[in-house]
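# Coordinates in review
Each chain, letter by letter, is given below.
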Amino acid sequence: MAINQGLLAEFDHEALGTRTTLERVPEDKFGWKPHPKSPTMGWLASHVANLPSWTAMTLEQDSVDIAPAGPERPRSPEAKSRAELLESFDQNVAKAREVLARTADEAMMKPWSLLKGGETIFTQPRIAVLRGFVFNHLIHHRAQLTVYLRLNDIPVPALYGPSADEGQM
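Residues numbered from 1 in each chain as written. Predicted model: local features only at pLDDT ≥ 70, side-chain atom pairs only at ≥ 80, totals over all residues. Heavy atoms only, no water.

In this section: the pattern of salt bridges. Applying the stated criterion to the full structure yields 13 salt bridges. The closest approach of N and O atoms between Asp62 and Lys110, which form a salt bridge, is 3.8 Å. One end of the pair, Asp62, is in the loop between helix 3 (53-60) and strand 1 (63-65); the other, Lys110, is in the loop between helix 5 (105-108) and strand 2 (111-116), with 48 residues separating them in the sequence. Judged by relative accessible area, which is 47%, Asp62 ranks as partly exposed. According to the relative accessible area criterion, Lys110 is partly exposed, its value standing at 38%. Residue Glu98 pairs with Arg102 through a salt bridge whose shortest N-O separation is 2.6 Å. You can call Glu98 partly exposed: its relative accessible area is 37%. Judged by its relative accessible area of 49%, Arg102 is partly exposed. Salt bridges linked by common partners bring Glu60, Lys95, Glu98 and Arg102 together as one network. (Salt bridge = Lys/Arg side-chain N within 4 Å of Asp/Glu carboxyl O. Helix = DSSP H or I, 4+ residues; strand = E, 2+ residues; numbered from the N terminus. Buried < 20%, exposed > 50% of the residue type's maximum accessible area, 1.4 Å probe, protein only.)

Moving on, we come to the pairing of strand 3 (residues 119-125). Examined bridge by bridge, strand 2 and strand 3 share 6 bridges and lie antiparallel to one another. When the bridges of strand 3 are listed, Ser113 appears paired with Thr123. Hairpin connection between strand 2 and strand 3: a loop of 2 residues separates the two successive antiparallel strands, and Gly117 in this loop has a positive phi of roughly 60 degrees. (Pairing = 2+ DSSP bridges.)

Bridge count between strand 1 and strand 2: 3 bridges; the pairing is parallel. Paired with Ser63 across the strands is Ser113, a residue of strand 2.

This part covers the packing of aromatic side chains. Across all of its chains, the model carries 6 aromatic pairs by this definition. Ring geometry for Trp112 against Phe122: centres 6.2 Å apart, planes inclined by 50 degrees, an arrangement best described as tilted. Here Phe122 lies in strand 3 and Trp112 lies in strand 2, a separation of 10 residues in the sequence. Take Trp112 and Phe122: they sit in the same class, and that class is buried. For the pair Trp112 and Phe133, a centre-to-centre distance of 6.1 Å together with 40 degrees between the ring planes defines the contact as tilted. In this pair, Trp112 sits in strand 2 while Phe133 sits in helix 6 (residues 126-151), placing the two residues 21 residues apart along the sequence. Each member of the pair, Trp112 together with Phe133, is buried. Ring pairing ties together the aromatic residues Trp54, Trp112, Phe122 and Phe133, which thus form one cluster. (Phe/Tyr/Trp six-rings, centres within 6.5 Å; stacked < 30°, edge-to-face > 60°.)

Let's shift gears to the layout of surface pockets. What the second largest pocket holds in volume is close to 170 Å³. Looking at the lining of the second largest pocket element by element, the count peaks at 5 residues for helix 1 (residues 3-23). Along the lines of polarity and charge, the residues of the lining of the second largest pocket split into 5 nonpolar, 3 polar and 2 charged. (1 Å grid on protein atoms, 1.4 Å probe; cavity = no way out; pocket = protein on both sides within 12 Å on 5 of 7 lines; lining within 4 Å. Points joined across faces, edges and corners; volume = space filled by probe spheres on them. Nonpolar A, V, L, I, M, F, W, Y, C, P; charged D, E, K, R; others polar.)

Here 3 strands make up an open sheet; going across it, the order is 1-2-3 and the pairing mixed. In this open sheet, the two strands that pair with only one neighbour each are strand 1 and strand 3. Averaged over all neighbouring strand pairs, the angle between strand axes comes to 15 degrees, with direction disregarded. (Axes fitted to C-alpha atoms, helices over the stretch in contact; angles between N-to-C directions.)

Shown next, in the form of structure tokens:
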């Protein structure tokens, strides 16, 4: 089996659970945050919706500089509504799937680097970046978002097994 086929199965599973989570983010809570040091629910949900776009960035570029010299780097826009959030997520997932589906095993093993101000933070094979820096990063922030939902008495979806709100998968 090609590497991308195994990753696509994982990606599709995570995308489904992530979309279900994003569907539950109430617009009237976009400004809510559990602590002054925490991001707002709207920012966190927007970040989660944007993370699948990092798949194409990882597979189509050799590196990304998170603090390039010159003008401030463009930031992903924060969604203003649940519909905008889901539309962004769906577009990012479609693009990620398309790029992932056409990426050969050899390309998965090519090195990719994360830079900050021109300095290398790390270099890893693209497959390691996809799993650790993209997929796991998405799962981490989706989990944060489910805590935000719980703290606002919004039903938490069953993701890897039943949740306290959904006894069945």
